[in-house]
Amino acid sequence: MEQTVEQKLKALYELQNIHTKIDKIRQVRGELPMEVSDLEDDVAGLETRIQKIKSELDELEDSIVNRKNTIKEAQNLIKKYDTQLKEVKNNREYDALTKEIEIQGLDIQVSEKKIKEHGFEINSKTEIYEAALAELEGRRKDLEVKKSELDVITGETEIEEQELIKKGEQAETQIEERLLTAYTRLRRNANNGLAVVTIDRDSCSGCFNQIPPQRQLDIRQRKKIIVCEHCGRILVDEALTHEVAEA
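Here, residues in each chain are numbered from 1, in the same order as that chain's written sequence. The model is predicted, so local features are restricted to residues of pLDDT at least 70 and side-chain atom pairs to those at 80 or more, both for listing and for counting; the totals for chains, interfaces and linings are taken over all residues. Excluded from the side-chain calculations are hydrogens and water; all other atoms, namely the structure's heavy atoms, are used.

Draft legend 1. Quick peek at the overall build of the protein chain. Put simply, DSSP H or I for four residues or longer makes a helix, DSSP E for two residues or longer makes a strand, and each gets a number counted from the N terminus. For the protein chain, the count of helices and strands is 6 helices and 3 strands. If you list the helices and strands of the protein chain from N to C, you get α-α-α-α-β-β-α-β-α. C-alpha atoms define the radius of gyration in this analysis, and the globule rule sets the expected value at 2.2 Å times the number of residues to the power 0.38. Over its C-alpha atoms the protein chain spans a radius of gyration of 39 Å, topping by over 25% the 18 Å that the globule rule assigns to 247 residues. Per-residue and other accessible areas follow the Shrake-Rupley method at a 1.4 Å probe size, with only the shown protein chains counted as cover for residues. Carbon and sulfur atoms make up 48% of the accessible area of the protein chain, which totals about 16500 Å². For the charge count, each Lys or Arg is scored as positive and each Asp or Glu as negative, with His and the chain ends excluded. Where a charge lies is defined by one atom per residue type: Lys uses NZ, Arg uses CZ, Asp uses CG and Glu uses CD. Both charge centroids of the protein chain, one from 40 positive and one from 52 negative side chains, sit 3 Å from each other.

Structure, rendered in structure tokens:
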């Protein structure tokens, strides 16, 4: 059985009421869900950064150990070549051993320089690492507080919200697809989520532009669906809102 225009308007206004209540519940949460999500991203990012710095520090420590081993090996070789120098029998052997000692000496100098450079890097990265750890601790505490706040608010409103969502889904089945599509589009484009509005002081309560007297009369007669010429919202008369509330 096809609905009358009045029935369609009442169904649309009732759906708007349900969605407005859901919007208000979500407004109570405010920016908390977004803040929690941002903090979770911050924590994950810091954890990744800290792990990277830790790996770099471990690599530098390993490099220092390797360089120290290189120095020991070079020192042992120098001692060995020094002993051999005492037993050389010609200039060619002497020059070759001297060259080897010189090479090992250069290796020691390079390794010592690298150890010093790595030491500076370790000091610098350790400061960054400790600062990141402190920042991570702060972010985790902030996240814990925000999550707790969100859990409290969600716990207080979740049941009501779910009931309203189900009620809204049921109400949508009472509205023809063409009207529901238009309603959804209007809600999506409106900052306050209002697609169906009343006349308030001879004006559209959605955009506050004045509505001509004849148009107000047409709205009260409920013979056709009328939208605001300025914002496109669906307009209903005040009496209809009372009838929906009392139904």
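Draft legend 2. The environment of Glu6, seen in detail. One can find Glu6 in helix α1 (residues 5-29). A sequence separation of 217 residues divides Glu6 from Lys223, and the C-alpha atoms of the two residues are 7.1 Å apart. Within the local environment of Glu6, its side chain forms a polar contact with the side chain of Arg222, the two groups lying 3.1 Å apart. By the criterion applied in these results, polar contacts are pairs of N or O atoms within 3.5 Å in which, for protein atoms, one can donate a hydrogen and the other can accept it, and in which residues neighboring in sequence qualify only through two side-chain atoms.

Draft legend 3. Main features of the side chain of Ser205. Checked against the element boundaries, Ser205 lands in the loop between β2 (203-204) and α5 (213-221). One polar contact links the side chain of Ser205 to the main-chain carbonyl oxygen of Thr198, over a distance of 2.8 Å. Setting aside anything within four residues of it in sequence, one finds Ser205 in contact with Val197, Thr198 and Asp200. Residues count as neighbours in contact if any of their non-hydrogen atoms are within 4.5 Å of one another.

Draft legend 4. Local environment of the packing of α1 against helix α4 (residues 177-189). Here an angle of 0 to 180 degrees is reported between the N-to-C directions of two axes, which are lines fitted to C-alpha atoms, with helices fitted over the stretch in contact. Closest axis-to-axis distance for the α1/α4 pair is 12 Å, and the angle between their directions is 35°. The way α1 lies across α4 gives a crossing that is right-handed. In contact with Lys8, Leu12, Leu15, Gln16, His19 and Asp23 of α1, α4 contributes Leu179, Leu180, Tyr183 and Arg187. Residues are grouped as follows: Ala, Val, Leu, Ile, Met, Phe, Trp, Tyr, Cys and Pro are nonpolar; Asp, Glu, Lys and Arg are charged; all remaining types, including Gly, are polar. Residues of the contact of α1 with α4, tallied by class, amount to 5 nonpolar, 2 polar and 3 charged. Should the near helix be turned counterclockwise from the far one by less than a right angle, the crossing is left-handed, whereas a clockwise turn marks it as right-handed.

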